[in-house]
Amino acid sequence: MTDNEPSRKQKFRQETKDERRVQFKERRRKKAESKLVGFRQSTHYIDSALTNESIYYIDPESPKLRKIYPYFFTWITHAKERWYGRTIGDIFQYEFRRSILKQNFDDIIRNGLVRINGQCIEKDYIMKNGDKLEHFTHRHEVPVINQKFNILINNDDYLVIDKPCSIPVHPCGKYRFNTVLAILNYEYQLSNLRTVHRLDRMTSGILIMAKSAAKARAIDFNADRSSTNSVDKLYLCRVRGEFPYIDQIVRVDQPLETFSFQLGLTKIGGNKQCQTLFRRVTFEELKQQQEIHGKYIFDLNNENIEVTMDESLHHFLDQDQTKTSLVLCRPLSGRMHQIRVHLQYLGFPIVNDPLYNASDIWGPSNGQYGHYEHSNEYVIETFIKRHSCEYWLLNDIDNEDEAMNSNGKRIMEEEDDVKRIKTEETTTTATTTIDVNDDNAVKEYIKEHCYECLNRFREPSPDDLVMFLHALQYKISDATTFTSPLPEWAQI
């Protein structure tokens with residue numbers, strides 16, 4: 001710096017507040033552009049050197065499923081406010097009930113499988129603000145559909161794929177490697193992708209990922225439809241019953257509320273306004289539109305007359321369950337499960353929707369017109385039982401030597417050289433202590449007491465992993481429209 005050149009402090013004083021704000025935004029933009037995003041190999045694995053060959057496999061007995069080899073993993077979370085002042089034992093009992101079913105919680109604590117801020121603790125440790133909780137486990141992921149990704153566009157700006165059903169976009173819950181971002185990273189060598197939007201795990205169709213922060217900002221799925229960077233979305237579904245409105249548009253503008261964030265359950269109610277347009281179509285009509293226009297058409301014009309809803313017509317209970325219909329869906333807003341709940345409201349839910357086509361849970365009318373016969377608590381409790389891990393346990397009733405204990409775990413009473421599996425806390429008499437700093441000893445101990453390893457589960461069938469809802473077309477601008485092929489189930 002020369003004598004005449006102002007110092008950094010002098011430059012700061014000379015700058016206006018607006019100029020400093022512009023510089024700050026520019027620094028943030030450059031940092032965002034250079035930051036690696038998408039799926040990244042975690043440093044928190046006990047096993048860190050995982051490859052495509054050591055992660056994925058196809059079982060010859062179930063070739064339609066993509067499976068994951070079990071692996072060691074560390075769950076990491078920071079203390080929630082509701083945990084403050086509670087013991088770690090109390091938190092595991094009421095917040096992570098599945099965890100304490102796996103083995104004696106005293107053994108988990110004594111052998112350092114649960115740690116706070118990297119340190120071993122006692123089971124009466126009191127959680128406080130700022131604590132970081134770590135739990136070492138043996139992780140078994142849920143199988144997904146074994147289907148190659150259909151890459152629609154792969155250029156310098158975007159990667160657009162036709163996502164199969166059953167695969168979540170990013171790691172969540174029981175999924176990490178069986179996710180779109182992980183599969184693209186390990187099997188297609190495509191990484192550093194910015195997800196512009198998400199699709200539900202069971203929804204197939206167009207998924208757009210940007211290759212730069214600037215391109216990701218250019219598309220706003222939450223923008224108002226009058227905005228220049230908004231997205232016009234078009235979905236295709238196959239619904240239960242014969243959809244009665246032909247050559248007409250049905251508008252549903254019922255608000256939605258989420259009453260279970262744990263399960264992601266939504267119903268009519270609350271004050272979150274949203275709108276969805278529906279129109280019945282045929283497979284031949286869609287094929288003709290694609291051949292003539294190169295895209296699918298759902299325009300609002302004078303020829304399309306909107307239907308006035310009449311709750312006295314088309315009752316859910318009166319439908320012919322053997323019939324199904326193809327329906328185009330155009331959501332004008334972007335609430336969770338919006339299309340699925342609005343179809344349930346009309347009384348024409350998606351044929352194989354595991355959440356919103358379940359009259360045995362919602363009640364005889366299945367929530368049509370927002371009439372729910374059962375309480376929120378009953379619906380949540382019933383869905384938890386249906387989708388819990390224990391629901392998938394195999395109970396070999398032909399084997400008289402096997403019995404199920406009160407926790408849904410298998411107890412084997414066999415002699416000679418066959419191992420006896422003790423799974424209840426009350427049956428554990430011997431205590432073992434391992435060296436918490438010996439990774440191999442920790443792995444062996446975790447695997448020996450792994451709940452999934454000690455029990456047998458039935459696999460989902462490919463039909464269990466398919467739902468007839470497909471993201472068919474996203475129109476970004478007059479010049480940019482992403483369109484996917486019609487799914488196989490649309491041929492009716």
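A few points on the structure.

Calculation notes
Residues numbered from 1 in each chain as written. Predicted model: local features only at pLDDT ≥ 70, side-chain atom pairs only at ≥ 80, totals over all residues. Heavy atoms only, no water. Salt bridge = Lys/Arg side-chain N within 4 Å of Asp/Glu carboxyl O. Helix = DSSP H or I, 4+ residues; strand = E, 2+ residues; numbered from the N terminus. Buried < 20%, exposed > 50% of the residue type's maximum accessible area, 1.4 Å probe, protein only. Lys, Arg positive; Asp, Glu negative; His and termini not counted. Polar contact = N/O pair within 3.5 Å; in protein donor to acceptor, adjacent residues only side chain to side chain. Pairing = 2+ DSSP bridges. Phe/Tyr/Trp six-rings, centres within 6.5 Å; stacked < 30°, edge-to-face > 60°. Lys NZ or Arg CZ within 6 Å of the ring centre and 35° of its normal. Arc of directions from axis to C-beta. Contact = heavy atoms within 4.5 Å. Axes fitted to C-alpha atoms, helices over the stretch in contact; angles between N-to-C directions. Core = buried A, V, L, I, M, F, W, Y, C linked by side-chain atoms within 4.5 Å.

### Structural notes on the pattern of salt bridges
Phase 1: Tallied over the entire structure, the rule returns 15 salt bridges.
Phase 2: A salt bridge links Glu-187 to Arg-66; its shortest N-O distance comes to 2.7 Å. A residue pair is termed long-range when its members are at least 10 positions apart, and Glu-187 in helix 7 (residues 180–187) and Arg-66 in strand 2 (residues 65–68) qualify at 121 residues.
Phase 3: Taking the relative accessible area as the measure of exposure, Arg-66 reaches 3% and is therefore buried.

### Section: the side chain of Glu-141
Phase 1: Note on placement: Glu-141 falls in the loop between strand 6 (132–139) and strand 7 (144–145).
Phase 2: At 4.9 Å, Arg-139 is the nearest oppositely charged side chain to Glu-141, a buried residue that forms no salt bridge.
Phase 3: Of the polar contacts made by the side chain of Glu-141, one reaches the side chain of Tyr-71; its length is 2.6 Å.
Phase 4: At a separation of 3.1 Å, a polar atom in the side chain of Glu-141 contacts the main-chain amide nitrogen of Arg-176.

### Some details on the sheet that holds strand 1 (residues 56–57)
Phase 1: Sheet architecture is open: three strands sit in the order 1-2-7, paired in antiparallel fashion. In this open sheet, the two edge strands, each paired with only one partner strand, are strand 1 and strand 7.
Phase 2: With two bridges joining them, strand 1 and strand 2 adopt antiparallel strand pairing. Bridging across to strand 2, Tyr-57 finds its partner in Lys-67.

### Observations regarding the packing of aromatic side chains
Phase 1: All told, the structure shown has 17 aromatic pairs when counted by the stated rule.
Phase 2: Ring geometry for Phe-177 versus Tyr-186: centroids 5.8 Å apart, planes at 65 degrees, classification edge-to-face.
Phase 3: Take Phe-177: its relative accessible area is 1%, and that puts it in the buried class.
Phase 4: Residue classification places Tyr-186 among the buried positions, given a relative accessible area of 11%.
Phase 5: For the ring pair Phe-468 and Trp-489, a centre distance of 5.0 Å and an interplane angle of 25 degrees mean the geometry is stacked. You can see Phe-468 sitting in the loop between helix 14 (451–454) and strand 21 (469–475) and its partner Trp-489 sitting in the segment after strand 22 (481–483), a full 21 residues away along the chain.
Phase 6: Overall, Phe-468 belongs to the buried group, its relative accessible area being 15%.
Phase 7: Three or more aromatic residues link up through ring pairs in this structure, and these residues are Tyr-71, Phe-73, Trp-75, Phe-177 and Tyr-186.
Phase 8: Taking the ring centre of Phe-259 as reference, the NZ or CZ of Lys-267 above it sits at 5.6 Å.
Phase 9: Over the aromatic face of Phe-298 sits the side chain of Arg-279, whose NZ or CZ is 5.4 Å from the ring centroid.

### Some points on helix 13 (residues 439–448)
Phase 1: Here helix 13 has its buried residues at Val-442, Lys-443, Tyr-445 and Ile-446. Buried residues of helix 13 fall within an arc of 170 degrees about the axis and therefore sit on the same side. For helix 13, the exposed residues set more than 90 degrees away from the buried face come down to Asn-440 and Glu-444.
Phase 2: On the buried face of helix 13, the contacting elements are strand 3 (71–78), helix 6 (105–110) and strand 6.
Phase 3: Two or three places before Asn-440, at the opening of helix 13, Asp-438 has a side-chain oxygen 3.1 Å from that residue's backbone nitrogen.

### Quick notes on the sheet that holds strand 5 (residues 119–120)
Phase 1: With respect to topology, four strands assemble into an open sheet ordered 3-6-4-5, the strand pairing being antiparallel. The two strands at the open ends of the sheet, each matched to only one other strand, are strand 3 and strand 5.
Phase 2: Together, strand 3 and strand 6 form the strand contacts of helix 13, whose direction differs from that of strand 6 by roughly 65 degrees.

### Some words on the nonpolar core
Phase 1: Counting 89 residues, the largest nonpolar core has Ile-208, Leu-236, Phe-243, Leu-265, Phe-278, Trp-362 and Tyr-474 as its most contacted members.
Phase 2: Per-element accounting of this core gives the leading share, six residues, to helix 7.
Phase 3: In this view, Ile-208 contacts Tyr-158, Leu-159, Val-160, Arg-194, Thr-195, Val-196, His-197, Ile-219, Phe-221, Tyr-474, Ile-476 and Phe-482; residues no more than four positions away in its chain are not counted.
Phase 4: Grouped together as the second largest cluster of nonpolar side chains are 21 residues, Phe-72, Ile-88, Val-114 and Ile-446 included.

### With respect to the pairing of strand 11 (residues 204–210)
Phase 1: Burial within strand 11 is extensive, with seven of its seven residues counted as buried.
Phase 2: Here strand 10 (residues 194–195) pairs with strand 11 via two bridges, running antiparallel. In the strand pairing of strand 11, Arg-194 is matched with Ala-210.
Phase 3: As defined by bridge partners, strand 11 adjoins strand 21 across two bridges and the pair is classed as parallel. Looking at strand 21, one finds that Ser-204 is bridged to His-470.

### A short note on the pairing of strand 16 (residues 276–281)
Phase 1: The element strand 16 is extensively covered by neighbouring structure, given that five of its six residues are classed as buried.
Phase 2: Relative to strand 16, strand 13 (residues 248–252) runs antiparallel, the two sharing three bridges. Residue pairing for strand 16: Arg-251 is matched across the bridge by Leu-277.
Phase 3: Of the strand pairs in this sheet, strand 16 and strand 18 (residues 324–331) are connected by six bridges, and their pairing is antiparallel. Paired with Thr-276 across the two strands is Pro-331, which belongs to strand 18.

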